[in-house]
Amino acid sequence: KELVYSLASIAGVVLAVGTCASFGGFGTDDAIEARGLQFTKKSRGGFLGGDFVAKSGQPVINLAGCPCHHDVLAGTLMAAAGGVTLPLDQYQRPLEWYGGTVHQGCTRNEYHEYRVEESDFGEMGCLFFHMGCAGPLVPGPCNRLLWNQCSSKPRVGVPCFGCTDPEFPRATPFFQTPNIEGIPLSLPMGVNRAHYMVYKGMAAAAAPEHLKNRVTKV
């Protein structure tokens, strides 16, 4: 802790790489009392304190993720080396990469819109309603930049775990969506629950046959 504090006090830019460094992650609720550099979960403060700024005048830049996406790290380092000040969101994540949700760019989006959902692995439908996917709820570039310019969790049939969120890891199982009558308890920001229930019911009824049968368009 002394080393981190002494280096941060003279650094031009301070990066918290990964969700644990950013928000505390796995250790915030147990005996080790983990904290992020400037946040503990969603509460501002953390190890360096809420008023900390680096020599550049910027607060800690949080590169959330478990792990942080490689393109996010590389891009932020290039910006820092070039003296570029990156716009940040309320949790000090760069908007360049955390300004949209993981859901954006997902190859299962059409299934999501028509509520063609899965309750087990191995199919092509949406993983949000039953399988625990947090893609519509959390920010990140995973389905736009891809990992190793190749793939992402949803593209290979694994739900997004929401690892860029300050509350990660969540208390509920990764592969289950807490819901009431099939409607997830957590909905995308700004979505009205009553309207969502009506819209998704109508969308499911209007789903094209090629989606219901899990057949991709040629």
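Summary of the structure given here. (Residues numbered from 1 in each chain as written. Predicted model: local features only at pLDDT ≥ 70, side-chain atom pairs only at ≥ 80, totals over all residues. Heavy atoms only, no water.)

1. A short note on the overall build of the chain
The criterion, for reference: Strands are runs of DSSP state E lasting at least 2 residues, helices are runs of H or I lasting at least 4, and numbering of each runs from the N terminus. When checking whether two residues touch, look at their non-hydrogen atoms; a contact exists if any pair is within 4.5 Å. Only four residue types enter the charge count: Lys and Arg as positive, Asp and Glu as negative, with His and the chain ends excluded. Working definition for charges: the position is that of NZ of Lys, CZ of Arg, CG of Asp or CD of Glu.
For the chain, the helix and strand inventory stands at 8 helices and 6 strands. Reading the secondary structure of the chain in the N-to-C direction produces α-β-α-β-β-β-α-α-α-α-β-β-α-α. Based on the C-alpha atoms only, the size of the chain along its principal axes is roughly 60 × 40 × 30 Å. Excluding contacts between residues fewer than 6 apart, the proportion of contacts in the chain whose partners are at least 24 apart in sequence is 62%. Each charge sign in the chain was given a centre, from 18 positive and 18 negative side chains, and these centres are 3 Å apart.

2. Some remarks on the layout of surface pockets
Let me state the cut-off plainly: Cavities and pockets are defined on a 1 Å grid built over the protein atoms alone: a cavity is a set of grid points where a 1.4 Å probe fits but cannot escape, while a pocket is an open set with protein on both sides within 12 Å along at least five of seven lines, and lining residues are those with an atom within 4 Å of any such point. Grid points are joined across faces, edges and corners, and a volume is the space filled by probe spheres set on the points. Throughout, the ten residues Ala, Val, Leu, Ile, Met, Phe, Trp, Tyr, Cys and Pro are labelled nonpolar, Asp, Glu, Lys and Arg are labelled charged, and all others, Gly among them, are labelled polar.
The volume enclosed by the largest pocket comes to roughly 840 Å³. Residue lining of the largest pocket: 37 residues in total, with Ala-134, Leu-137, Val-138, Pro-139 and Asp-165 positioned closest to the centre. Across the lining of the largest pocket, the residue classes tally to 21 nonpolar, 10 polar and 6 charged.

3. Brief notes about empty space enclosed by the protein
Using the criterion set out here, one finds 3 cavities of 30 Å³ or more in the structure. Lining the largest cavity are 15 residues; nearest its centre among them are His-103, Cys-106, Arg-108, Cys-126 and Cys-133. Taken together, the residues of the lining of the second largest cavity sort by class into 8 nonpolar, 3 polar and no charged.

4. Examining helix α3 (residues 70–81)
Just so we agree on the cut-off: Expected helix span is taken as 1.5 Å per residue step, with the number of steps being one fewer than the number of residues.
Its 12 residues give α3 an end-to-end C-alpha distance of 17 Å, which sits within 8% of 16 Å, the value for a rise of 1.5 Å per residue. On its buried face, α3 sits against β1 (15–17), β4 (61–63) and α4 (95–98).

5. Let's talk about helix α7 (residues 193–205)
In plain terms, the rule: Working definition: with a 1.4 Å probe on protein chains only, accessible area under 20% of the residue-type maximum means buried, over 50% means exposed, and in between means partly exposed. Each C-beta atom gives one direction from the helix axis, and the arc is the one those directions make. In the analysis that follows, any N or O atom pair within 3.5 Å is treated as a polar contact, provided that within protein one partner can donate a hydrogen and the other can accept it, and provided that, for residues neighboring in sequence, both atoms belong to side chains.
Between its first and last C-alpha, α7 extends 18 Å over 13 residues, near the 18 Å set by a 1.5 Å rise per residue. Within α7, the full set of buried residues consists of Tyr-196, Lys-200 and Ala-203. Each buried residue of α7 lies within a common arc of 60° when the element is viewed along its axis, so the set occupies one face. When the buried face of α7 is taken as reference, the exposed residues oriented beyond 90 degrees from it are His-195, Val-198, Met-202 and Ala-205. Elements that come into contact with the buried residues of α7 comprise α5 (109–113) and β6 (183–184). Capping the start of α7, Asn-192 holds a side-chain oxygen 3.0 Å from the backbone nitrogen of Ala-194, two or three residues further along.

6. Thoughts on the environment of Gly-201
For Gly-201, the location among the structural elements is in helix α7. Each C-alpha atom of the pair Gly-201 and Leu-146 lies 31 Å from the other, and the pair is 55 residues apart in sequence.

7. Focus: the pattern of salt bridges
The test is simple: The salt bridge criterion pairs a side-chain nitrogen of Lys or Arg with a carboxyl oxygen of Asp or Glu, the two atoms within 4 Å.
Applying the stated criterion across every chain yields a total of 3 salt bridges. A salt bridge links Arg-93 to Asp-89; its shortest N-O distance comes to 2.8 Å. Overall, Asp-89 belongs to the buried group, its relative accessible area being 16%.

8. Description of the nonpolar core
In plain terms, the rule: In this text, buried Ala, Val, Leu, Ile, Met, Phe, Trp, Tyr and Cys residues form a nonpolar core when linked through side-chain atoms within 4.5 Å.
Listed in full, the 12 residues of the largest apolar core are Phe-23, Phe-39, Ile-61, Leu-63, Ala-64, Cys-68, Val-72, Ala-79, Leu-86, Tyr-91, Trp-97 and Tyr-98. Mapped onto this core, the elements with two or more residues apiece are β4, α3 and α4. Within the second largest apolar cluster, 10 residues are counted, among which are Val-116, Ile-183, Tyr-196 and Leu-211.

All quantities given are derived from atomic positions and should not be read as evidence of function.
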